[in-house]
Each structure stands twice: as C-alpha cells, then as structure tokens.
Amino acid sequence: QVQLVESGGGLVQAGGSLRLSCAASGSFLSINAMGWYRQAPGKQRELVAGFTSGGSTNYADSVKGRFTISRDNAKRTVYLQMNSLKSEDTAVYYCNAAIVRLSGVTYAYWGQGAQVTVSS
C-alpha cells in the first residue's frame, strides 16, 4: 500500500523556522511530482512549493525567499524548510505526490496533514 507520511510541524513564534518531511512508503515504480500544499481555516487549499516531473521547482509568491523545498530520492522523501515564518503561514500543510504504481498507472496521493501554527 502506497502512503505519504508527514512529520514536523508544530507551534512557532513569528520569525522562527520549522521543517516538514514527507516520506513515500510502499511499492511503486517512481514518483513523477511531489510537493506541499496548505489550507488555512476558511480558505482553499493552495500550492506552497513543489517539484515538477521535470525536476524544476515552483513556489507560491507568498513564500518565495522564505521557504525551500528539497528532496532525497534515495529516501523517497521531500522536505519543506520554512524560515521567517509569519502568522499568515498558519495552516495545515499537506504533502502531495504523483506516484506511478506497479501497474504503470499514476495516482495522486496526499499525506495526513501537519498543523503549522505561527504565533505573533
């Protein structure tokens, strides 16, 4: 069974830092794309940062220069380093991946979500 397991998150003061991790487990052929989304109360889920299938990265304008996405292919893990956190970064952060299963079909998977709360 393919799963995305997130870790990290928590409560931090404004200006502080946190790191999120997301590891893909189970048997599959490859990961086409992987990234992070977030959803604040009363708002739609939005892309924060991600790797495309071509390996390039993209970031939401609101986090450029503060957040950095990275990955360890051997560990099948993607990270989100969040610096200079602001109260408006408070949200539940979700890992997302397009994973090619053993059948050759690509499915989208979501992590369980990690709460990030930034106090001002």
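Since the structure is predicted, the reported quantities are computational estimates derived from the model, not experimental observations.

Colleague: Please give an account of the environment of glutamine 115 that cites residues and values.
Modeller: Locating glutamine 115 in the fold gives a position in strand S11 (residues 114–119). Separated by 100 residues in sequence, glutamine 115 and glycine 15 place their C-alpha atoms 17 Å apart. Every residue in contact with glutamine 115, bar those within four places of it in the chain, is listed here: Gly9, Gly10, Thr90, Ala91 and Val92. Looking at glutamine 115, its side chain comes within polar contact range of the side chain of threonine 117, at 3.2 Å.

Colleague: How would you explain the nonpolar core if you had to name every residue and give the values?
Modeller: Core analysis: the biggest nonpolar cluster contains 31 residues, and Leu4, Trp36, Leu80, Met82 and Tyr93 have the highest contact counts within it. When contributions to this core are tallied by element, the ones reaching two or more residues are strand S3 (18–25), strand S4 (30–39), strand S5 (46–51), strand S7 (67–72), strand S8 (77–82), strand S9 (91–100) and S11. No other element matches S9, which puts five residues into this core. In this structure, methionine 82 is in contact with Gly16, Ser17, Leu18, Leu20, Arg66, Phe67, Tyr93 and Val116, ignoring residues within four places of it in sequence.

Colleague: Provide a residue-level description of the side chain of arginine 66, including the pertinent values.
Modeller: With respect to the helices, strands and loops of the structure, arginine 66 is situated in the loop between strand S6 (57–59) and S7. Since its relative accessible area comes to 10%, arginine 66 is described here as buried.

Colleague: Which residues make up the sheet that holds strand S1 (residues 3–8), and what are the values?
Modeller: Taken in spatial order, the four strands of this open sheet run S1-S3-S8-S7, and their pairing is antiparallel. The sheet is open, and its two borders are formed by S1 and S7, each paired with just one other strand. Each strand of the sheet is rotated relative to its neighbour by a mean of 15°, with strand direction disregarded. One ladder, built from six bridges, connects S1 with S3; its direction is antiparallel. Residue pairing for S3: valine 5 is matched across the bridge by alanine 23.

The rules behind each value
Each chain has its residues counted from 1, following the order in which its sequence is written. In keeping with the model being predicted, local features are shown solely for residues with a pLDDT of at least 70 and side-chain atom pairs are shown and tallied solely at 80 or more, while totals for entire chains, interfaces and linings include all residues. Water and hydrogen atoms play no part in the side-chain values, which are based on all heavy atoms of the structure. Helix and strand definitions here come from DSSP, where helices need a minimum of 4 consecutive H or I residues and strands a minimum of 2 consecutive E residues; each element is numbered from the N-terminal end. Note on contacts: a residue pair is in contact if any heavy atoms of the two residues lie within 4.5 Å. Polar contacts, as used here, are pairs of N or O atoms within 3.5 Å; protein pairs need one atom able to donate a hydrogen and one able to accept it. Residues neighboring in sequence count only if both atoms are side-chain atoms. By convention a nonpolar core is built from buried Ala, Val, Leu, Ile, Met, Phe, Trp, Tyr and Cys residues, the set being connected through side-chain atoms within 4.5 Å. Burial classes: relative accessible area under 20% of the type maximum marks a residue as buried, over 50% as exposed, and values in between as partly exposed (1.4 Å probe, protein chains only). The pairing criterion for strands is at least two bridges between them, as found by DSSP. Orientation is described by lines fitted to C-alpha atoms, with helices fitted over the stretch in contact, and by angles between N-to-C directions that extend from 0 to 180 degrees.

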